[in-house]
Amino acid sequence: MSSKSAIAPENLLDELQATLAHGTVARRVETLRRVTDLFVNGAVDYSDQQIALFDDVFQCLLLHIETSAKALLSNRLAPIDTAPPLTVRTLAFDDMIEVAGPVLTQSNRLDDDTLIETARNKSQAHLMAISARKTLSGAVTDVLVLRGNDEVIQSTVNNPGAEFTERGFTRLISRAEGDDDLATCIGLRPSMPRHLYLKLLAKASDTVRHRLEAANPQQAKEVPSAVREATRRARSSPSAVTRDTAIAHALVKSLYEDGRLDEFQVTAFAEAGKFDETNASIAALANVSLAVAENMMIETRAEGVMILAKVAGFSWSTVRSIINLRDELSGGEPTDLLACMETYERLRPSTAQQVLRFHRMQQSAPAA
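Residues numbered from 1 in each chain as written. Predicted model: local features only at pLDDT ≥ 70, side-chain atom pairs only at ≥ 80, totals over all residues. Heavy atoms only, no water.

1. Concerning the overall build of the protein
Condition: Counting from the N terminus, the helices are the DSSP runs of H or I reaching at least four residues and the strands are the DSSP runs of E reaching at least two. Here, two residues are considered to be in contact whenever any of their heavy atoms come within 4.5 Å of each other. Here the open area of atoms and residues is found with the Shrake-Rupley method and a 1.4 Å probe, where only the protein chains shown may cover a residue.
From N to C terminus, the protein includes 23 helices and 0 strands. Residue pairs in contact within the protein that sit at least 24 positions apart in sequence constitute 63% of those at least 6 positions apart. Surface exposure of the protein reaches about 18,000 Å², of which carbon and sulfur atoms provide 52%.

2. A look at the layout of surface pockets
Our working rule: Two kinds of site are reported from a 1 Å grid over the protein atoms alone, namely cavities, where a 1.4 Å probe fits but cannot get out, and pockets, open sets with protein on both sides within 12 Å along at least five of seven lines, and residues are called lining when an atom falls within 4 Å of a point. Grid points are joined across faces, edges and corners, and a volume is the space filled by probe spheres set on the points. Three classes are used, and their members are as follows: Ala, Val, Leu, Ile, Met, Phe, Trp, Tyr, Cys and Pro are nonpolar, Asp, Glu, Lys and Arg are charged, and the others, Gly among them, are polar.
Its boundaries defined by the atoms lining it, the second largest pocket holds a volume of some 430 Å³. Around the second largest pocket, the lining is made up of 18 residues, and of these Phe164, Glu166, Ser191, Pro193 and Asp244 lie nearest the centre. Secondary structure elements with two or more residues in the lining of the second largest pocket: helix 16 (243-257) and helix 18 (275-286). The element contributing the most residues to the lining of the second largest pocket is helix 16, with 4 residues. Along the lines of polarity and charge, the residues of the lining of the second largest pocket split into 6 nonpolar, 5 polar and 7 charged.

3. Notes on the nonpolar core
Cut-off, in case you're wondering: Among buried residues, the Ala, Val, Leu, Ile, Met, Phe, Trp, Tyr and Cys ones that are joined through side-chain atoms within 4.5 Å form a nonpolar core. Partly exposed residues are those whose accessible area sits between 20% and 50% of the maximum for their type, while under 20% is buried and over 50% is exposed, using a 1.4 Å probe and protein chains only.
By size, the foremost hydrophobic cluster in this structure holds 91 residues, and its most contacted members are Phe39, Ile186, Leu308 and Val319. Setting aside anything within four residues of it in sequence, one finds Phe39 in contact with Tyr46, Ile51, Phe54, Phe58, Leu77, Ile80, Thr82, Ala83 and Pro84. If you look at the next biggest cluster of nonpolar residues, it comprises 5 residues, including Leu255, Leu261, Phe269 and Ala280.

4. Some thoughts on helix 9 (residues 138-147)
Burial analysis of helix 9 places 7 of its 10 residues in the buried class, which makes it a mostly covered element. By the burial criterion, the buried members of helix 9 are Gly138, Val140, Thr141, Asp142, Val143, Leu144 and Val145. Contacts made by the buried residues of helix 9 are with helix 7 (112-121), helix 8 (124-131), helix 10 (150-157) and helix 11 (166-175).

5. A closer look at helix 5 (residues 85-92)
Helical periodicity: at 3.6 residues per turn, an α-helix aligns residues three or four positions apart in one direction. Rule in force here: Our arc is simply the arc of the directions from the helix axis toward the C-beta atoms.
Along helix 5, the residues classified as buried are Thr87, Val88, Leu91 and Ala92. Mapping the buried residues of helix 5 onto a view down its axis gives an arc of 140 degrees, with all of them on the same face. Buried residues belonging to helix 5 abut helix 3 (48-62), helix 4 (67-77), helix 6 (97-106), helix 7 and helix 8.

6. Comments concerning the side chain of Thr114
Going by this rule: Two N or O atoms form a polar contact when they lie within 3.5 Å of each other; inside protein one atom must be a possible hydrogen donor and the other a possible acceptor, and for residues adjacent in sequence the pair counts only when both atoms belong to side chains.
Looking at the element boundaries, Thr114 is found in helix 7. Of the polar contacts made by the side chain of Thr114, one reaches the side chain of Arg89; its length is 2.7 Å. Residues within four places of Thr114 in sequence aside, it is in contact with Arg89 and Phe93.

7. A short note on the pattern of salt bridges
Short version of the rule: Any Lys or Arg side-chain nitrogen located within 4 Å of an Asp or Glu carboxyl oxygen qualifies as a salt bridge.
Evaluation of the coordinates by the stated rule reveals 10 salt bridges. One salt bridge connects Asp150 with Arg175, and the closest N-O pair in it is separated by 3.5 Å. Pair noted here: Asp150 is in helix 10 and Arg175 is in helix 11, with a separation of 25 residues, a long-range link. Asp150 sits in the exposed class, given a relative accessible area of 54%. Arg175 sits in the partly exposed class, given a relative accessible area of 30%. Via salt bridges that share partners, Glu30, Arg33, Asp37 and Arg76 belong to a single interconnected network.

8. Description of the packing of helix 5 against helix 6
For clarity, the threshold we go by: Axis lines are fitted to C-alpha atoms, over the contacting stretch for helices. Their N-to-C directions set the angle, which ranges from 0 to 180 degrees. Each angle receives one of four descriptions, namely roughly parallel if under 35 degrees, roughly antiparallel if over 145, roughly perpendicular if within 65 to 115, and oblique otherwise.
Between helix 5 and helix 6, the shortest axis-to-axis distance is 7 Å and the interhelical angle comes to 125 degrees. Classified by the angle their axes make, helix 5 and helix 6 are oblique. Taken together, the residues of helix 6 that come into contact with helix 5 (itself represented by Val88, Leu91 and Ala92) are Val99, Ala100, Val103 and Leu104. When grouped by side-chain class, the residues that make up the contact of helix 5 with helix 6 number 7 nonpolar, no polar and no charged.

9. A word on the packing of helix 9 against helix 11
Test applied: Should the near helix be turned anticlockwise from the far one by less than a right angle, the crossing is termed left-handed; should it be turned clockwise, right-handed.
For the pair helix 9 and helix 11, interaxial distance at closest approach is 9 Å and the crossing angle is 20 degrees. In terms of orientation, helix 9 and helix 11 fall into the roughly parallel class. The handedness of the crossing between helix 9 and helix 11 comes out as left-handed. Between helix 9 and helix 11, the residues in contact are Asp142, Val145 and Leu146 and Arg167, Gly168, Arg171, Leu172 and Arg175, respectively. Split by residue class, the contact of helix 9 with helix 11 holds 3 nonpolar, 1 polar and 4 charged.

10. Let's talk about the packing of aromatic side chains
Selection criterion: When the centres of two rings from Phe, Tyr and Trp lie within 6.5 Å, Trp using its six-membered ring, the rings pair. Their planes under 30 degrees apart give stacked, over 60 give edge-to-face, and anything left gives tilted.
Applying the stated criterion across every chain, the model contains 7 aromatic pairs. Their ring planes at 70 degrees and their centres at 5.1 Å tell us that Phe39 and Phe54 sit as a pair that is edge-to-face. Of this pair, Phe39 sits in helix 2 (residues 25-42) while Phe54 sits in helix 3, placing them 15 residues apart in sequence. For the residue pair Phe39 and Phe54, the accessibility class agrees, reading buried in each case. When the ring of Tyr46 is compared with that of Phe54, the centres are 4.9 Å apart and the planes differ by 50 degrees; the resulting orientation is tilted. Across the pair, exposure class does not vary: Tyr46 and Phe54 are buried alike. Site record: aromatic cluster; members linked through ring pairs are Phe39, Tyr46, Phe54 and Phe58.

Right, dumping it as structure tokens:
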């Protein structure tokens, strides 16, 4: 970088002071243009100290220019990875979407905390701009799914760079009821946890199921399988198990074969929010198939969990952790733990075994 460009921002400070003190609006806009040109032309070469100086200059000018000039600045700074961070943040928090939109959609200077704060407090237009970013973390999409309108939700789900937490997927399933297009888009997300995928299909219309069959011919058998599973007549399809689920199952199998899988480990999995590991552990300790355990775990009521737990010989504290995990993932009304505790304490192991045999028969019964 030449010495001339290196000292140019400093030379503009005197002009900036004069412009702010005595200049017209047109002169302030012209000063902003000159400062922006200077920054854009040398952005890749400026040191952190020089970028901080530009930050100070831009911040001063932003207080004295109109919306159209701010919008122009936002458009020019948005694609620059070394853009002055405080300036970008100020632009992102602007109430006018023409100012905030470009940086919310493009700028890599915005961290998750800034995006989340914006998504929690600004307009649907701001949320829409965020939803179009190249990548979105699960923490950000959680807020978009919670606050966003239908257009924001659709944009977020259609974003291939968006990640979703289990909480986010659960909320999306609720939002998708009666919306075939949204349900289809959610079902096509490759990272969707299997138990939530089954829950989506259980609520889906025939139209959605047919669409998912057409989009995933290699997994076509999973659609009717999931529907049967929702009515306790399911068969699992190994081809539909995600990579993360397969890893979880392999871990639990290893712990079980080594004699290290016990009630304490099940509680640890449940309290950590790990559904696949918890489900596989219960299946192993209750001596049932993964499909039977999964089917009973995703039931609307908690009786299935208590049946499996009683067969496995779990204490109430472990059962409570598992029920809390289900509640956390479902996003629905919390389970009445006191009533469940009383039921669990009355439940006899012999009765639980009889009910479990019934579930096994239903699992193996041919489809209607």
